[in-house]
Amino acid sequence: AGLWRDCLDFSTDSNSISSYGPSIAAAAMLACIRCSRSSEAIYAYDFFMSGNQSAASEWQWAGGSTTAVKPLCRDLACMAMGNVKKGGFSRDAMRLFGELINEDSPLSADALLGVAHSLEHDLDWQSSIQLLKGFIDSIHRKGSTNWRILSESLELSKIDAVTSEGTLSQSEQNDLLANILASVMRACNHEGQYGLAILVCSIANTSYDNDWIDCKENEPAKAIISQKIVAEKQQVLEAYIQSLDGLGCGFIVNELLEELQNLRNITISIPRGRKRKGYTHAESWINAFVAVGRVLEATHGILLEGSDISGESRLLFERGVGRAMDHCIDSKQPAAALHLFDHASAAVAKKDTSLAGRVKSFFGVDDTSDLTGGSGAMFQSNVEIDLKSLRLSDPLLATIIKANGKLGQIEKARSAYYDGTLHLDDSALMAQSANNTLEVLLDIDINECMAFLDKMNVKFVNPSTFIVIAKRYAQNGIWPEIGEVYNRAKKGGAVSEELGLITMQAVCESELLNGKIIVLRKIVEDVSHLVGMKSNDWIHAKYWGIKRYVGFHYARLLMRWNDPKTSQKEELLFAINEMRQCAREGIATKNAPLECIVRIAQVYGTEGMIEDALSEKQRRSAVNLILEACVEANRSGLIKKHTFTTEVVRSLRALKANKECIQLVVRNVISTGRKCRHRIAMEEAMYAALEERDFESLKLITEVFERSGYDSRRLSI
């Protein structure tokens, strides 16, 4: 009848409590829940559990014929806490659930789902995953823990509920698994853990279907739909689509929906969650998805093996796990990488008794998720990793360090390195792990990173690590220290072209008054020797990169263009020669020489400096040179960059080449008629068309300009 308030008032009256006993508490809570008043149900539970009801003192919650009342009230409280969408009850729900598990009391499916929902509402994706793992191990894998789950809450009021082993059918178990999984995935998606949501879905599917999926790189949608828990459960499908959308895999979403339309004529709307800044490239996640699928397939095979796996097989498995983790990290999903390691290590431990103890030490709990030690242990989402007893290879340990670093868990990354190498006499055997640790320590303090570097044998430091350190110094403007980094790299034979260029930039930015060019040539000599080239040949080959780092002044001195009056023309001729050589060889010209040509083409017919107005011949030569560069830019795709077309039209307008400016914009910029980002190029072309009285082109360009969201009324046309 919806009279939940009357029921609540009646049940909290001292006379009612004295007459009916504790059973009235469960009745009141159930009335509130059925009337969608979960907050009031929680209030009722707190009231009855406060111990302030003097009239009820004769009743004992755990005595006589009312032994099921307290478990029933706790069960209903968990259910109610999950119904409060504003959240705030996850800690209380976890505490109640922990009591039920510790007392080996049965609970209902709705109560367990309520705990999952309370964690979802509080965005506690870590604890949500722990809950899902515990459920899978207890119900589907028949682990050491036994959750006795009943179909309905009211079954707890029966006398035999205390000894019941659970009443869920296989279908009900699968329904509950899908509902908990969907809740976990939504929590992960909301916090940007899209890859982790997809991973836990794939793991849960093996329990739902007792099978693994065959992941093919060119058919990801079919691989996804082959997971029965995704194909059969719409709540899981919707969460999965949101994960793919968050990973930037819109085309896979479209293929997936098309496959589903063909299979079941299903139509759903794409759910939208919080957007992450900076989408992962779809290709990166596809690589991770395929690699993870192979690990799960191998894990499935290991679990089916009747005997312990060999050392060689374990090493191959470890390499596969490390590769998959690397792909997850590359696609900006480091949490998924660590969870994959957790899952894979647990699978190996089940078949390798010598490894089982070490895995238990590693995770702080065993692979079956120790739920008997209270809710604190069960929901401990940030377990301290202990690698002192776990012998991992260098690549896998390095990946663990890298993943923790990407998650901002700097101290865990550092501890992982020290614990993972504690058993070694020579940490040089773990060079990759050491280099990853160096990079992670940069996020704490660069001085601490250098202190760590001092303890290492410099011969085992990767060139990339010195580059990362040098870049960090450059970002902070600490130029003198880069020289020290370069000297260390040189001592260890780890000099690289990029480090050489950064060091050259540091020399130019330093306060050294004299001799900079001498130091620059010394660095050039080191780097050119490294790649087996003569110094002058390396300078010519890398001129545009050198210029980007050291500026035109020092770049021209290295090229021995010593006369500042003619150096600009010498650079132009250098760019022209490179462009025409690439054209002869049929290869695309780099961006830098083409940008140089369109910017300073006006000096082409001069002695190097423009002192008087250009003659018609000089002007025509410059215009033709710009158009030639545009042809090559069209081949390379540079013409699509609005910064390039801006330089082109400005140079053409300065050379009074209005017709060429109009033709360039019409043929190369607005040819498709779609929206266009080349605002300045279109504006200059519109002015040129107005001056040439080319009203047809003016109308065409204006239409695209307006279609692109710009306002032509602010222009003087």
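All values reported here derive from a predicted model rather than from experimental measurement. (Residues numbered from 1 in each chain as written. Predicted model: local features only at pLDDT ≥ 70, side-chain atom pairs only at ≥ 80, totals over all residues. Heavy atoms only, no water.)

## So, a nonpolar patch on the surface
And step 1. A cluster of nonpolar side chains, Leu 530, Val 531 and Met 533, forms an exposed patch at the surface whose accessible area comes to about 230 Å².
And step 2. In this structure, Leu 530 sits in helix α27 (residues 516-530). (Patch = residues over 30% accessible without salt bridge, like charges linked within 9 Å, V, L, I, M, F, W, Y side chains within 5 Å. Areas by Shrake-Rupley, 256 points an atom, 1.4 Å probe, with all protein chains shown as cover. Salt bridge = Lys/Arg side-chain N within 4 Å of Asp/Glu carboxyl O. Helix = DSSP H or I, 4+ residues; strand = E, 2+ residues; numbered from the N terminus.)

## Examining the pattern of salt bridges
And step 1. Tallied over the entire structure, the rule returns 27 salt bridges.
And step 2. The partner of Arg 488 in a salt bridge is Asp 454, and the shortest N-O contact between them spans 2.6 Å. One end of the pair, Arg 488, is in helix α25 (residues 479-491); the other, Asp 454, is in helix α23 (residues 446-455), with 34 residues separating them in the sequence.
And step 3. In this structure, Glu 484 engages Arg 488 in a salt bridge whose closest nitrogen and oxygen atoms are separated by 3.6 Å. Pair noted here: Glu 484 and Arg 488 are both in helix α25, with a separation of four residues, about one helical turn.

## Concerning the nonpolar core
And step 1. Among the nonpolar cores identified, the biggest contains 214 residues, and Leu 112 and Ile 149 are the most heavily contacted of them.
And step 2. Here this core gets 11 residues from one element, more than from any other, and that element is helix α15 (residues 282-304).
And step 3. Among residues more than four places away in sequence, those in contact with Leu 112 are Phe 97, Leu 107, Leu 131, Phe 135, Trp 147, Ile 149, Leu 176 and Ile 180. (Core = buried A, V, L, I, M, F, W, Y, C linked by side-chain atoms within 4.5 Å. Buried < 20%, exposed > 50% of the residue type's maximum accessible area, 1.4 Å probe, protein only. Contact = heavy atoms within 4.5 Å.)

## Quick look at helix α26 (residues 497-509)
And step 1. For α26, which comprises 13 residues, the first-to-last C-alpha distance of 18 Å matches the rise-based estimate of 18 Å (1.5 Å per residue) to within 8%.
And step 2. For α26, a buried count of 10 out of 13 residues is recorded, marking the element as mostly surrounded by other parts of the structure.
And step 3. Within the sequence span of α26, burial applies to Leu 499, Gly 500, Leu 501, Ile 502, Thr 503, Met 504, Gln 505, Ala 506, Val 507 and Cys 508.
And step 4. For α26, the elements touching its buried residues are α24 (463-475), α25, α27, α28 (535-541) and α29 (543-558). (Expected span 1.5 Å × (residues − 1).)

## So, the environment of Ser 393
And step 1. Take Ser 393: it is sitting in the loop between α19 (375-378) and α20 (394-406).
And step 2. Residue Ser 393 is classed as partly exposed on the basis of its relative accessible area, which comes to 25%.
And step 3. Ser 393 sits 71 residues away from Gly 322 along the chain, and the two C-alpha atoms are 9.5 Å apart.
And step 4. Every residue in contact with Ser 393, bar those within four places of it in the chain, is listed here: Glu 318 and Met 430.
And step 5. A distance of 2.4 Å separates a polar atom in the side chain of Ser 393 from a polar atom in the side chain of Glu 318. (Polar contact = N/O pair within 3.5 Å; in protein donor to acceptor, adjacent residues only side chain to side chain.)

## Focus: the confidence of the model for the chain
And step 1. Looking at the chain as a whole, its pLDDT mean stands at 81, while 79% of the residues score no less than 70.
And step 2. The weakest mean pLDDT in the chain belongs to helix α18 (residues 353-363) at 38; the strongest belongs to α28 at 96.
And step 3. Within the model, pLDDT remains below 50 along residues 353-385, and this stretch shows 68 contacts once partners closer than five positions in the same chain are excluded. (pLDDT = per-residue confidence, 0-100.)

## So, the packing of helix α33 (residues 642-654) against helix α34 (residues 658-669)
The relative placement of two packed helices is expressed as an angle between their axes plus a distance between the axes.
And step 1. α34 packs onto α33 with a crossing angle of 160° between their chain directions and a minimal axis gap of 8 Å. For the element pair α33 / α34, the angle class is roughly antiparallel. The element α33 and its partner α34 pack so that their crossing is left-handed. Residues Thr 645, Val 648, Val 649, Leu 652 and Arg 653 of α33 form the contact with α34, whose own contacting residues are Asn 658, Glu 660, Cys 661, Leu 664, Val 665 and Val 669.
And step 2. Grouping the constituent residues of the contact of α33 with α34 by class yields seven nonpolar, two polar and two charged. (Axes fitted to C-alpha atoms, helices over the stretch in contact; angles between N-to-C directions. Parallel < 35°, antiparallel > 145°, perpendicular 65-115°, else oblique. Left-handed = near helix turned anticlockwise from the far one by under 90°. Nonpolar A, V, L, I, M, F, W, Y, C, P; charged D, E, K, R; others polar.)

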